[in-house]
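Structural features, examined
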Amino acid sequence: MGVEQVDASNACIPPTHPLTFQALPLPTANRGEPIFVDGDGGRLNDNDDKRAPLVMYAWGKLIVVREINLNSSSGGSATTDSPSSTYLGPSGAPSTNGFVYRGHSAPVTSAKFSPAGTYVASGDSKGKLRIWAYDHEEHLPKIELQVLAGPIRDISWDFEGKRIVIIGEGMQSPENAKVVQWDTGVKCGDLGAHARKKGSSCAFRPCRPMRIATGGAEDATVLFHKGPPFQRVVGDGVVSEKCHERGAIHSLRYNKDGSMLASVGTDGNVCFYDGKDMKFIKKVEKVHKSSIYSCAWNRNGTHLLTCGADGFARLVDATSGEVVHEWDVASVQLGEDQSTTKVPMGAMLLGCTFVKGNIPIAIGFNGQMVVLSVPASLGLSSSADCIDKPIVITGHQAPISAMTFGRRGTNTIYTADTDGVIVEWDGSSGTPKGRVKDVNEVDSDITGKVHAGATITSLTFSEKDDKLYSAGWDDFIRISQGQNCVDKLKMESQPNAMTCGTSLVVVMTVDGLILVKDGKVISELVRLSYTATAVSISHDESMLYVGGDDCNIYIYSVVSSESANPLVESHVIKGGHLKPVHSLALSHDGTKLAAGDVRDVCVYSATDYSTIVSKGRWCFHTQKIGCLAWSPDDSVLASGGNDDDIFLWSVQKKMRRVHYRFSHRGGVTGLRFVENKGDDMMLVSVGNDGCMNFWNPTEDVNKKLK
């Protein structure tokens, strides 16, 4: 085990960028595996009323720290126009609704706040432990260690914030759990190994004398250790290691004063142990009908929250061992108008925690987080923290692949992802209104996959008939109104992009173009002599612009939407690009056409097709440029690419640019300017990191581009 070179670049969005709000993704979930979730933000976060309740979890290679707003399901007083005036962010600056850490190069499997709340220890699937500063504006790393040969499954700090215990899969190495000094990585003892070198959970006693408990992933065993230096306690006649009947120990947790340890696992039982001498106290049998995947103590250490695959979350009194309250989370996600005798796969609960000590949260396989209401009679929460009914927090669990705006003046945004899920958002508060559902098909799994799990490649909105069109790799164009998918159109070939004028929708497929109007296909497949890579239509629906893989841009006149071939080629822009054109955007006044390839952003006159900005001028992207957007007054052009960057350009100041690096990890997939913002500009972007970001570039634009 050695200290490795630490890469501090691209760990977060640079603090100098004008980010005002971030809509964050939901936790990544694997069926049959617990979702790690940490609601204990440490002394820095939990003891400060200026900091919102926090919950931390993994999304792929990213770590998400989300603020939980209890005012209402619509987000209360949150706004996307500027950072919060109510809450502070990690470094003490105004909050932007949360934070995403991007320092890992492999999928994150566990992360925990230090007791002080100033540092975070996180582990990934390659066995690397990374400790980084939460309260620093650039979130600099302290140390990175290769601690295990396989994935890290759980992490726990000691109460002093000086030692960390890690457990996971040892693979071919002799150890599957280690305890190390937080700043040097030096081992503090030797921990016992579980069967087949697979561990699943660990817990550090939060007081002296120090104790460590580890749970096995296959041997239904809890191993106990004392120290430092730590060593396994065996053969004393007190410790009970085999209290569970079978399977895995999914979660081990000490209460706040360290007087009691709880374990849950595959057998659906909850076991309690003495925190000091590790003596078995009692077993509460069959708290859940199926596996219990997670447990968490309330702030006072009197009640234990559990969640299981049966779709229920339950609260157990540690003293009496009785279940004092339960929540049917599956029914909450189904809604009042649906019922089922079988637990939907999406509602199987894989993670739970208390935020701010007494606010319970449960997370299902579909990633949706449910803030649970606690009866006042239990006396767990203050009146300020009590909510009348559960709050369901929805969003995306996969990379966002497309975005469009709803009807003008409604502040509605629609986003779609690679799992076939469409989400409707309130653009003014940045909170999700809900997932789009297919009214003709029953979503028995509550996964919200409108396009049957296929990637959604494009979204467009028709102002005339107030309908949302979505194109997916299931070879369907689906038509939605609000949060209801009401119709679908079968395509002859795979659709990759769409564009909409007022009511005419042009679908770009791998074989050609298809015209759709009023929810019906109105043309045959228009085959092309080249492969179309981008498409855009004029607002009056008279001209269609198509980018090709031959590096040319083709302009067509839409002569008649009812004829067999409604498109007549009127011009070809040749020599403007050296690579295939991947994005097109027509200005609002219809006079300028912007085009992007893998490096260059070019601008052409839409009247005589002369070059306004030629190749080699705006050539600072390093990968495919997937989206372009004009500001409402057409003075600024925004471009986003797979290089994670957003650029702002101006035709009047061709030699200048505004550059926002590391805007989205994995690439930018959608850009739009918000209208009716007066003298301010508001840019919305989405990307493969599952985030939707709101930017206010007004100051940068005025400084560099005007």
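Remember, predicted model here, so these are calculated numbers, not experimental data. (Residues numbered from 1 in each chain as written. Predicted model: local features only at pLDDT ≥ 70, side-chain atom pairs only at ≥ 80, totals over all residues. Heavy atoms only, no water.)

Focus: the overall build of the chain
From N to C terminus, the chain includes three helices and 56 strands. Here the C-alpha radius of gyration of the chain, 27 Å, is about what a compact globule of 706 residues would show, namely 27 Å. If one aligns the C-alpha atoms of the chain with their principal axes, the spans along those axes are about 90 × 55 × 50 Å. Across the 706 residues that make up the chain, the buried fraction comes to 60%. Across the chain, contacts joining residues at least 24 apart in sequence account for 52% of those joining residues at least 6 apart. Of the side chains in the chain, 72 bear a positive and 80 a negative charge, and the two mean positions are spaced by 5 Å. (Helix = DSSP H or I, 4+ residues; strand = E, 2+ residues; numbered from the N terminus. Rg over C-alpha atoms; globule rule 2.2 N^0.38 Å. Buried < 20%, exposed > 50% of the residue type's maximum accessible area, 1.4 Å probe, protein only. Contact = heavy atoms within 4.5 Å. Lys, Arg positive; Asp, Glu negative; His and termini not counted. Charge placed at Lys NZ, Arg CZ, Asp CG, Glu CD.)

Let's talk about the side chain of R478
Structurally, R478 can be placed in strand β35 (residues 476-481). Separated by 3.2 Å, the side chain of R478 and the backbone oxygen of V450 make a polar contact. (Polar contact = N/O pair within 3.5 Å; in protein donor to acceptor, adjacent residues only side chain to side chain.)

With respect to the packing of aromatic side chains
The full count for this structure, using the stated rule, is 19 aromatic pairs. Summarising the aromatic geometry, the rings of W157 and W182 are spaced 6.3 Å apart at their centres and angled 45 degrees between planes, so their arrangement reads as tilted. Residue W157 is located in strand β9 (residues 152-157), and its partner W182 is located in the loop between β11 (177-181) and β12 (199-204); the two are separated by 25 residues in the primary sequence. Here W157 and W182 have matching classes, each one buried. Measuring from centroid to centroid gives 5.1 Å for F647 and W649, while their planes differ by 20 degrees, and the two rings are stacked. Take F647 and W649: they sit in the same class, and that class is buried. A cation over an aromatic ring shows up here: K282 above the ring of F272, its NZ or CZ 5.4 Å from the ring centre. The side chain of K490 reaches across the aromatic face of F476, ending 5.0 Å from its centre. (Phe/Tyr/Trp six-rings, centres within 6.5 Å; stacked < 30°, edge-to-face > 60°. Lys NZ or Arg CZ within 6 Å of the ring centre and 35° of its normal.)

Some details on the sheet that holds strand β21 (residues 303-308)
If you walk across this open sheet you meet the four strands as β20-β21-β22-β23, and the pairing is antiparallel. The outermost strands of the open sheet, each flanked by one partner alone, are β20 (292-297) and β23 (323-328). Neighbouring strand axes in the sheet, compared pairwise and without regard to direction, differ in orientation by 20 degrees on average. The pairing of strand β22 (residues 312-317) with β23 spans five bridges and is classified as antiparallel. (Pairing = 2+ DSSP bridges. Axes fitted to C-alpha atoms, helices over the stretch in contact; angles between N-to-C directions.)

Observations concerning the nonpolar core
V55, I68, I361, M369 and V371 are the most contacted members of the largest nonpolar core, which has 27 residues in total. Looking at this core, the elements with two or more residues in it are β2 (54-59), β3 (62-67), β24 (349-355), β25 (359-364), β26 (369-371) and β27 (391-393). If we skip the residues at most four places from it in the chain, I361 touches I68, L305, G351, C352, T353, V355, M369, V370 and V371. In terms of nonpolar packing, the next biggest core, distinct from the first, is built from 19 residues, A497, M508, V535 and V546 among them. (Core = buried A, V, L, I, M, F, W, Y, C linked by side-chain atoms within 4.5 Å.)

Things to note about the sheet that holds strand β34 (residues 467-472)
Taken together, five strands build an open sheet; the order of strands is β32-β36-β35-β34-β33 and the sheet is mixed. Each edge of the sheet is formed by a strand with only one pairing partner; in this case those strands are β32 (437-438) and β33 (456-462). Of the strand pairs in this sheet, β33 and β34 are connected by six bridges, and their pairing is antiparallel. Residue pairing across strands places L459 opposite S470, the latter belonging to β34.

Some points on the pairing of β21
With six of six residues buried, β21 is to be regarded as a mostly interior element. Residues H303, L305 and C307 point to one face of β21 and L304, T306 and G308 to the other, with burial holding for every one of them. Pairing geometry for β20 and β21, over five bridges, is antiparallel. Each bridged residue has a counterpart across the sheet, and for C295 the counterpart in β21 is T306. Hairpin geometry of β20 and β21 is characterised by an intervening segment of five residues between the two adjacent antiparallel strands and by a positive phi of about 75 degrees at G301. Alignment of β21 against β22, held across five bridges, turns out to be antiparallel. Residue pairing across strands places L304 opposite V316, the latter belonging to β22. Where β21 folds back on β22, the antiparallel hairpin that results is connected by three residues, among which G311 adopts a positive phi of roughly 80 degrees.

A closer look at the confidence of the model for the chain
For the chain, the mean per-residue pLDDT works out to 93, and 96% of the residues sit at or above 70. Within the model, the stretch residues 72-76 combines pLDDT values under 50 with eight contacts to residues more than four positions away or in other chains. (pLDDT = per-residue confidence, 0-100.)

Quick look at the side chain of D634
Looking at the secondary structure, you find D634 in the loop between β50 (625-630) and β51 (637-641). Of the side chains with opposite charge, K592 comes closest to the buried, unpaired D634, at an N-O distance of 5.0 Å. When sequence neighbours within four positions are dropped, the list of residues in contact with D634 reads S587, H588, D589 and K592. (Salt bridge = Lys/Arg side-chain N within 4 Å of Asp/Glu carboxyl O.)

A word on the state of the cysteines
Using the criterion set out here, one finds zero disulfides in the structure. Free cysteine: C352, not disulfide-bonded; nearest cysteine sulfur from C307 at 3.8 Å. Not engaged in a disulfide, the cysteine C551 finds its nearest cysteine sulfur in C602; these two sulfurs lie 11 Å apart. (Disulfide = S-S within 2.5 Å.)

Regarding the pattern of salt bridges
Inspection of the entire model under this criterion finds 26 salt bridges. Between R130 and E144 there is a salt bridge whose closest N-O contact spans 2.7 Å. Within this pair, whereas R130 is found in strand β7 (residues 128-133), its partner E144 is found in strand β8 (residues 141-146), the two being separated by 14 residues in sequence. Between E218 and K198 there is a salt bridge, with its nearest N and O atoms 3.4 Å apart. Highlighted residues: E218 in the loop between β13 (211-216) and β14 (222-226) and K198 in the loop between β11 and β12, separated in sequence by 20 residues. Classification of E218 as partly exposed rests on a relative accessible area of 36%. Under the relative-accessibility criterion, K198 is labelled partly exposed at 23%. Bridged by salt links that share partners, the residues R407, R408, E463, D466 and E675 form one connected network.

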